[in-house]
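# Remarks on the overall topology
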Amino acid sequence: MLNLWTFIFLCFLHLSSFNVVLGGVGDSLVSENPFTPKASVIRYWNKEIRREITKTHFLLSKVSPLTAVDSASFSKLAAQNDLASHLRSFCSSAKLFCFPDLSPSLEKHPKDERFPVYSNMNFSNYGTDRLAGVDSFKNYSEDSNIVVDSFHRYSRDSTGHKEQFANYASEGNVVDQNFHSYAASATGGSGNFNNYNREVNNPNLRFSSYGDDSNGHGQTFTQYTENANAGNGQSFSSYGKNGNGVPNEFSSYGKGANVIGSGFSGYGEAANGANDSFTSYGFDSNAPQNTFKSYGDGGNAAVNTFSSYRDQSNVGDDSFQSYAKNSNGEKVDFSNYGQSFNEGTDKFTGYGQGAVVQSIGFKIYGRNSTFKDYAKKEGIVFGRYNNGSSSETAQVKGGSSAVNKWVEPGKFFREKLLKQGTVMPMPDIKDKMPVRSFLPRTIVSKLPFSSSKFGELKRIFHAGDNSTLETVMLDALKECERAPSPGETKRCVGSAEDMIDFATSVLGRNVEVRTTENVKGSKENIKIGSVKGINGGKVTKSVSCHQSLYPYLLYYCHSVPEVRVYEADILDPKSLEKINHGVAICHLDTSSWSSNHGAFLALGSGPGRIEVCHWIFENDMTWTISDS
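Residues numbered from 1 in each chain as written. Predicted model: local features only at pLDDT ≥ 70, side-chain atom pairs only at ≥ 80, totals over all residues. Heavy atoms only, no water.

## So, the overall build of the chain
Test applied: Segments assigned H or I by DSSP are reported as helices when at least four residues long, segments assigned E as strands when at least two residues long, and all are numbered from the N terminus. Only protein chains enter the calculation, and the probe is 1.4 Å; a residue is then buried if its accessible area is under 20% of its type maximum, exposed if over 50%, and partly exposed in between. In this description, accessible areas are obtained by the Shrake-Rupley approach with a 1.4 Å probe, and a residue is regarded as covered only by the protein chains that are shown.
Check the secondary structure of the chain and you find 12 helices and 32 strands. Of all 628 residues assigned to the chain, the portion counted as buried reaches 52%. With the model as given, the accessible surface of the chain reaches about 27,000 Å², and the carbon-plus-sulfur share is 50%.

This is how it looks when you write it as structure tokens:
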């Protein structure tokens, strides 16, 4: 006679051997094991929503690919708080966004090396005591989705040794690099970071204890983080401390970048004869954030030059705190500094405090700066200090072109353009996020999702202190936990079932979800074909869902009142061939939007004065009450 557990197991095998038809997608049938996450979502959809799932195959494509057995196994591990010890297999099976666990490298590199193709390495003791020679990192981690590199004890005590980083991690998505104890006590030689992290997303580059106690080992940063997007940016901590005659050049640094921050803390501390030049730094960038704290403190006969710094950028903030404190004979020149289109903020606190025989020159210096306890002594010279208004500077810099240069053409548009025959630019609607999947509700419901339990979340997903993954997770939690805007209802969802619940709670059960069909037409001119207004083109409300960067697929969903939603055929303007089917949403009430919103930069006007429309980007979606 079979015992109970054997009987249950045989029943499970019997049931799982059948593929059952659960719904149609397009012209084919979806056959699923009834215990898979996808089958569960289809059943939930059929239970909660009064229409077939046939038109929402793009939503099903985001459902967890876990098998029935893996789903049950990982759900049990989550309940036991033991997912962290199985993270690698969990991430792989569930198609999540996880960082590789780097272990110390035991590789030895006694001779010159060329790394044409290399990625995700931990150089724990590289180039120590090297005499002369050149190491070249070319096309390193090129075009990778996740780049995690660590250089620990690199070129320590070397003599005349050069390091060249060319085409390093360009066009990567989510970059985390740590240079720790790099070139310590090195004599001579140099490092060159050229075309480094170009067009990357979410860069987090840390230079800690870099070049300490070195003698004449200079660094050049050229075309560094050019056109990069968001992220912590760069952190220079205890860089060049106690160095002697160390020249550092930052040229074309952060050019065209979008919201990138740099932190210089304890940089060049107690250095002798340091020479740092910032040329074309933050040029043509958007909202750069730079913090100089205890920079060059105790330095002797150092020279710091800021030339063409933050020129033609849009706003941005620089903070100089306790800069060159107790230094001797330090010279700092600010030339053509902060000539931004729109006002930024420069704060100087305790700058040059306790310094001896210091020379500070401001020549062609931007406006809106604060000088507090600023080196109350002679030696500060102001050449041409521009204290004019934003409008005056904008006219000097090119008038109206300054208004919309920071917003991609076509990203926002007026409702009147949504008519047949209109030719207009389409922005880049491609999804830049790493590919991920939802988690089954049986798993995600067992995982903490709160900043109060952030330590536990870091443990589960192996997020190191000060790592990019830590920042990514914390940013997502902050956005999800912030109070809703006036009139907004919001929720972050990590499973398809949770998204369905939120959408139906706002709109009812007779709903439909839409997204733009593909990405054709991106960054090109398009022609509008036939246009259909959803719900007869009447004012309605919708639930829009936008991706947030997180280990599993996470959407920020929020109710959007007073909108009109449209579907439109998108045509090639030359051949008139249909290339896409777009979904656009027009926000009729913009009264609660910030006056600095990109829509008003692009279109003019201000909050509450105009409606603003935009396309639904790839993998984003909008829910509305169904037309039928």
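From this point on, the discussion continues.
## Observations concerning the state of the cysteines
Our working rule: The rule for a disulfide is simple: a pair of cysteine sulfur atoms within 2.5 Å.
This structure, assessed with the given rule, holds 4 disulfides. Between the sulfur of cysteine 480 and that of cysteine 492 lies a disulfide, 2.0 Å long from S to S. The S-S bond linking cysteine 480 to cysteine 492 shows a torsion near -95°; that makes this disulfide left-handed. Taken together, the residues span a long stretch of sequence, with cysteine 480 in helix α10 (residues 468-481) and cysteine 492 in strand β25 (residues 490-493) at a distance of 12 residues. Note on cysteine 480: relative accessible area 15%, which makes it buried. What pairs with cysteine 545 in a disulfide is cysteine 557, and their sulfur atoms sit 2.1 Å apart.

## Here's the deal with the environment of serine 548
Topologically, serine 548 is positioned in strand β28 (residues 540-548). In this structure, the C-alpha to C-alpha distance between serine 548 and aspartate 475, residues 73 residues apart in sequence, is 9.1 Å.

## Brief notes about the pattern of salt bridges
What counts, and what does not: By salt bridge we mean one thing: a side-chain nitrogen of Lys or Arg within 4 Å of a carboxyl oxygen of Asp or Glu.
Counted according to the given criterion, the structure contains 17 salt bridges. A salt bridge links glutamate 611 to arginine 414, with the nearest nitrogen and oxygen atoms 2.8 Å apart. You can see glutamate 611 sitting in the loop between α12 (598-603) and β31 (612-615) and its partner arginine 414 sitting in the loop between α7 (401-404) and β24 (423-425), a full 197 residues away along the chain. Here lysine 578 and aspartate 569 are joined by a salt bridge, their closest N and O atoms 3.3 Å apart. One connected set of salt bridges, linked through shared partners, spans Arg441, Arg491, Asp498 and Asp501.

## Looking at α10
Here is the rule we go by: A helix is expected to span 1.5 Å for every residue after the first. Note on definitions: a residue-residue contact is assigned when non-hydrogen atoms from the two residues lie within 4.5 Å.
With 14 residues, α10 should reach 20 Å at 1.5 Å per residue; the first-to-last C-alpha distance of 20 Å fits that figure. Those residues of α10 lying buried are Thr468, Leu469, Glu470, Thr471, Val472, Met473, Ala476, Leu477 and Cys480. As for α10, its buried residues are in contact with β8 (173-182), β10 (201-210), α9 (454-460), β25 and β29 (554-571).

## A closer look at helix α5 (residues 87-94)
Stated formally: Throughout, the arc means the angular range of directions from the helix axis out to the C-beta atoms.
Turning to α5, its buried residues number three or more, namely Leu87, Phe90, Cys91 and Ala94. Axial view of α5: buried residues confined to an arc of 95°, hence all on one face. Turned more than 90 degrees away from the buried face of α5 sit Arg88 and Ser92, all of them exposed. Elements in contact with the buried residues of α5: α4 (68-79), α8 (441-444) and α9.

## A word on the packing of aromatic side chains
Our working rule: Stacked, edge-to-face and tilted are the three classes for Phe, Tyr and Trp ring pairs, Trp counted by its six-membered ring, which pair at centre distances within 6.5 Å; planes under 30 degrees apart are stacked, over 60 edge-to-face, the rest tilted. The rule for a charge over a ring is simple: NZ of Lys or CZ of Arg within 6 Å of the ring centre, and within 35 degrees of the ring normal.
Under the defined criterion, the tally for this structure stands at 10 aromatic pairs. Relative to phenylalanine 600, the ring of tryptophan 593 has its centre 6.2 Å away and its plane inclined at 50°; by these criteria the two rings are tilted. Within the aromatic cluster, the residues linked to one another by ring pairs are Phe449, Phe461, Tyr550 and Tyr552. The ring of tyrosine 44 carries arginine 441 above its face, with NZ or CZ at 5.2 Å from the centroid.

## So, unusual backbone geometry
One non-glycine residue, aspartate 157, lies in positive phi territory at about 60°. Along the chain, aspartate 157 turns up in the loop between β6 (147-154) and β7 (162-168). Its identity is not glycine, yet serine 605 carries a phi of approximately 70°, on the positive side. Note on placement: serine 605 falls in the loop between α12 and β31.

## Topic: the nonpolar core
The cut-off we apply is this: Within this scheme, the nonpolar core is defined by two criteria: the residues are buried Ala, Val, Leu, Ile, Met, Phe, Trp, Tyr or Cys, and they are joined through side-chain atoms within 4.5 Å.
With 48 residues, the main nonpolar core has Phe193, Phe207 and Phe306 as its most contacted residues. Residue contacts for phenylalanine 207: discarding those within four places in its chain leaves Phe179, Phe193, Phe221, Tyr224, Ser235, Phe236, Ser237 and Tyr239. Membership of the second largest hydrophobic core comes to 37 residues, among which are Leu66, Phe74, Ile146 and Cys492.

## Observations concerning the side chain of threonine 590
Applicable threshold: Between N or O atoms, a polar contact is any pair within 3.5 Å; within protein, one atom must be a potential hydrogen donor and the other a potential acceptor, and residues adjacent in sequence are included only when both atoms are from side chains.
Tracing the backbone shows threonine 590 in the loop between β30 (578-587) and α12. Of the polar contacts made by the side chain of threonine 590, one reaches the backbone oxygen of isoleucine 610; its length is 2.9 Å. Sequence-distant contacts of threonine 590, defined by excluding residues within four places in its chain, comprise Phe600, Gly606, Pro607, Gly608, Arg609, Ile610 and Val612.

## Quick notes on the side chain of aspartate 428
Take aspartate 428: it is sitting in the loop between β24 and α8. Engagement of the side chain of aspartate 428 in a polar contact is seen with the side chain of lysine 432, the distance being 2.6 Å. Once residues within four sequence positions are removed from consideration, aspartate 428 is found in contact with Glu408, Ser522, Lys523 and Phe617.

## With respect to the environment of tyrosine 337
You can see tyrosine 337 is positioned in strand β19 (residues 331-337). By relative accessible area, which is 0% here, tyrosine 337 ends up buried. Linking tyrosine 337 and arginine 310, residues 27 residues apart in sequence, is a C-alpha distance of 6.4 Å.

None of this, on its own, says anything about what the molecule does.
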